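# Per-entry structural report
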Amino acid sequence: MNKKWWKEAVVYQIYPRSFNDSNGDGIGDLRGVIEKVDYLDKLGIDVVWLNPVYESPNDDNGYDISDYQAIMDEFGTMMDWEELLEALHDRGIKLIMDLVVNHTSDEHKWFVESRKSKDNLYRDYYIWRPGEDGAPPNNWRSHFSGSAWDYDEQTDEYYLHLFSSKQPDLNWKNPNLRQEIYKMMTWWLEKGIDGFRMDVINMISKVEGLPDGEEVGEDGYASGGEYFLNGPKVHDYLQEMNQEVLSKYDIMTVGETPGVTPKQGIKYVAKERKELDMVFQFELMDIDSGEGGKWDLADWKLTELKNIISKWQIGLENQGWNSLYLNNHDQPRPVSRFGDDDKYRVESAKMLATMNHTLQGTPYIYQGEEIGMTNVEFDSITDYEDIETLNMYQERVVEGNKDREEVMEAIYAKGRDNARTPMHWDNSENAGFTDGKPWIKLNPNYKEINVENALDNPDSIFYYYQKLIKLRKENPVFVYGNYQLLLEDDENIYAYLRNYNGQRLLVILNFFAKEVKFELSDNINFASKELLISNYEVNEEQISEIDLRPYEARVYKLS
Ligand code: NOJ
């Protein structure tokens, strides 16, 4: 097994806008993060992934970048950023930055130039096409509703935007554009960062001719994903990027890759292909979506979850490396989604954490997950801030005839603002997040669920995470062990073994509130066993049969 620091690391994701506000303007900022580096250190994480902090008009909270080499005013200054890097490095924590290069903001100087005229030097930095009889060049749908094309009067052409109108897609076919991006990446690496998380990186190559998408929905648009996900040149571009930039530094990279299967995933992360170190797969995040996509809520079964995870664990074994995540700034809170955010909030949050930290791969923690923050339900759509949510509501409820209640239910379950309400630091006003008026409402449960309470309670979710992280550092089997699924067809219990150099872990997870009996198969032999961690007090000695309590999780070391 090829050892790497990033395989042994635990990553903590910070969405700065919602993390900690140091200057009372209601928006989290870099100095706010600096104030909390000791907290991160206490948790024991190794790497921070910072969501975009670059200059941006904030149409999509920083994912619409107008200057890659400047810091957004609301977040502070480049000096603040440098101080943050130093504060993290002083504590042995690395920093990876978000690289958003499928698109820029329409306010980026390249686009400002590009839209001026058809023969502008930057015209070809973006994807422009004439319309067809007054209609957009093809039927692709934007991820944020409506057509993926916007008409621009100045030159009587349309530009492509897979996300909002203010996020025009870059044209990666243009070698000058690619060189500018590599130069910018090198500039950040020279400042001392430790890697990149790459936003929708598997969308950068589009199929020649940009054909109409096949599956047209009720809205008249098609996803078109078959023509821009894992497109024809994506691996050439990433290999070029690797050769020109990434290979020159000892860094980690993780690509966000919606719609990727393990087989396709290997193409991005196999060592000999020299592209990326990890990808974020979406199969698990899609488990509760029906045919109509993300907002079409569907039930999921434990066997489906096991199946997806096992497929990736086995699919990448010895060939690539998994990223392990249960949430991020785009996803609902895991305890609300896969656990129970009410009666068994603490137990189920710990159970889910046990899973995420005992599989093979690099675990990612999203801010607030370590204290078991939950989804939020705002009564009014006007309390929501996320462009994806607001555009969808506008299209379906305001302009369409969808039932408001049903749409709100979908937002409660899946909306991105679930993850974006401010971090709960204590039970004072606004949870200690800000002294001003927060940019988005808080989850009202902050008086109970907050960092201060967690740090005061030795049984808290926080200390459970801390212990998992420590165990992972002390026992290489957590990191490098292979994966062997047990009880494949069981709809209540997820159990598996991990094996490495004579070390063995047995992980047992009761995924529901129901009490169930776990039976260990006879062919698993061991001389002795040690309980490494559990979310309940455990008294019994034997493990051949265990009456598992609601959401009970146990990890044994067998020898
Ligand atoms: C994925 C990011 O995670 C999401 O927040 C963003 O809206 C889109 N990419 C567009 O950049």
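All figures in this text were calculated on a predicted structure; none of them were measured in a lab.

What follows deals with empty space enclosed by the protein. Scanning all chains against the criterion turns up three cavities of 30 Å³ or more. Approximately 140 Å³ is the volume found for the largest cavity. For the largest cavity, the lining is made up of 13 residues, of which Gln281, Leu284, Ser323, Leu324 and Tyr325 are closest to its centre. Elements represented by at least two residues in the lining of the largest cavity include exactly helix 9 (302-316), strand 14 (323-324) and helix 11 (345-358). The element contributing the most residues to the lining of the largest cavity is helix 9, with three residues. Grouping the constituent residues of the lining of the largest cavity by class yields eight nonpolar, five polar and no charged. Taken as a whole, the second largest cavity encloses approximately 70 Å³ of empty space. If you go around the second largest cavity, the residues you meet are Leu326, Pro334, Val335, Ala349, Leu352, Ala353, Glu369, Gly372, Met373 and Tyr465. Among the elements of the structure, helix 10 (334-337) and helix 11 are those that each provide at least two residues to the lining of the second largest cavity. Residue contributions to the lining of the second largest cavity peak at three residues, all from helix 11. Taken together, the residues of the lining of the second largest cavity sort by class into eight nonpolar, one polar and one charged.

Lining the immediate surroundings of the ligand are 14 residues, of which Asp60, His103, Asp199, His329 and Asp330 lie closest. Asp330 places a polar side-chain atom, nitrogen or oxygen, 2.5 Å from an oxygen atom of the ligand. Each residue belonging to the shell around the ligand can be placed in one class, and the counts come to four nonpolar, three polar and seven charged.

Turning our attention to the side chain of Asn356. Here Asn356 is to be found in helix 11. On the basis of relative accessible area, Asn356 is assigned to the buried category, the value being 3%. From its side chain, Asn356 meets the backbone oxygen of Leu324 in a polar contact 3.2 Å long. Within the local environment of Asn356, its side chain forms a polar contact with the backbone oxygen of Tyr364, the two atoms lying 3.5 Å apart. When near neighbours in sequence (up to four residues on either side) are disregarded, Asn356 contacts Leu324, Tyr325, Leu326, Pro363 and Tyr364.

At Leu210, a position not held by glycine, the phi torsion is positive, near 40 degrees. Along the chain, the position of Leu210 falls in the loop between strand 9 (195-198) and helix 7 (234-244). We classify Leu210 as buried; its relative accessible area is 7%. Even without glycine at this site, Ala431 takes up a positive phi of about 55 degrees. With respect to the secondary-structure elements, Ala431 resides in the loop between helix 14 (417-420) and helix 15 (451-456).

For the rest of this paragraph, the subject is the pattern of salt bridges. Evaluated as defined, the whole model comprises 39 salt bridges. Here Lys473 makes a salt bridge to Asp46, at a shortest N to O gap of 3.0 Å. Taken together, the residues Lys473 in helix 16 (residues 461-474) and Asp46 in the loop between helix 3 (37-43) and strand 2 (47-50) connect sequence positions 427 residues apart. For Arg273, the salt bridge is made with Glu275, and the minimal N-O distance between the two is 3.0 Å. The exposure class assigned to Arg273 is partly exposed, which follows from its relative accessible area of 26%. With a relative accessible area of 3%, Glu275 lands in the buried category. Here the salt bridges do not stand alone but share partners, grouping Asp60, Lys294, Asp330, Asp386, Glu388, Arg416 and Arg420 into one network.

This brings us to the UniProt feature "domain: Glycosyl hydrolase family 13 catalytic" (unreviewed entry) in the protein. Within this numbering scheme, the UniProt entry marks residues 13-420 as carrying the feature "domain: Glycosyl hydrolase family 13 catalytic" (unreviewed entry). Between the C-alpha atoms that bound residues 13-420 there is a distance of 12 Å. The span itself is 31% helix and 13% strand.

We now examine the packing of helix 11 against helix 16. Helices that pack against each other are described as a pair by the angle of their axes relative to one another and the distance between those axes. Remark: helix 11 packs on helix 16, axes separated minimally by 10 Å, with the N-to-C direction vectors making an angle of 15 degrees. On the basis of their axis angle, the class for helix 11 and helix 16 is roughly parallel. For helix 11 against helix 16, the interelement crossing comes out right-handed. Packed against helix 11, whose contacting residues are Arg345, Val346, Ala349, Lys350, Ala353, Thr354 and His357, the element helix 16 presents Ile461, Tyr464, Tyr465, Leu468, Ile469 and Arg472 at the interface. When the residues that make up the contact of helix 11 with helix 16 are grouped by side-chain class, the tally is eight nonpolar, two polar and three charged.

With that out of the way, let us pick up the sheet that holds strand 8 (residues 157-160). Judged by pairing direction, the sheet is antiparallel, and its three strands sit side by side in the order 6-8-7 without closing on themselves. Looking along the sheet, the strands with just one partner apiece sit at the ends: strand 6 (128-129) and strand 7 (149-152). Where strand 7 lies against strand 8, four bridges are found, and the strand directions are antiparallel. Counterpart to Tyr151 in the pairing with strand 8 is Tyr158.

A sheet is described by the order of its strands in space; here eight strands give the open sequence 11-10-9-5-2-1-15-14, paired in parallel fashion. A strand with exactly one partner marks an edge of an open sheet, and here the two such strands are strand 11 (278-280) and strand 14. Sheet strands in contact with helix 4 (residues 78-90) are strand 2 and strand 5 (94-99), and its direction is about 140 degrees off that of strand 5.

So, how was this worked out
- Residues numbered from 1 in each chain as written.
- Predicted model: local features only at pLDDT ≥ 70, side-chain atom pairs only at ≥ 80, totals over all residues.
- Heavy atoms only, no water.
- 1 Å grid on protein atoms, 1.4 Å probe; cavity = no way out; pocket = protein on both sides within 12 Å on 5 of 7 lines; lining within 4 Å.
- Points joined across faces, edges and corners; volume = space filled by probe spheres on them.
- Helix = DSSP H or I, 4+ residues; strand = E, 2+ residues; numbered from the N terminus.
- Nonpolar A, V, L, I, M, F, W, Y, C, P; charged D, E, K, R; others polar.
- Near = heavy atom within 4 Å.
- Polar contact = N/O pair within 3.5 Å; in protein donor to acceptor, adjacent residues only side chain to side chain.
- Buried < 20%, exposed > 50% of the residue type's maximum accessible area, 1.4 Å probe, protein only.
- Contact = heavy atoms within 4.5 Å.
- Salt bridge = Lys/Arg side-chain N within 4 Å of Asp/Glu carboxyl O.
- UniProt positions renumbered as here; feature names shortened; annotations may be inferred.
- Axes fitted to C-alpha atoms, helices over the stretch in contact; angles between N-to-C directions.
- Parallel < 35°, antiparallel > 145°, perpendicular 65-115°, else oblique.
- Left-handed = near helix turned anticlockwise from the far one by under 90°.
- Pairing = 2+ DSSP bridges.

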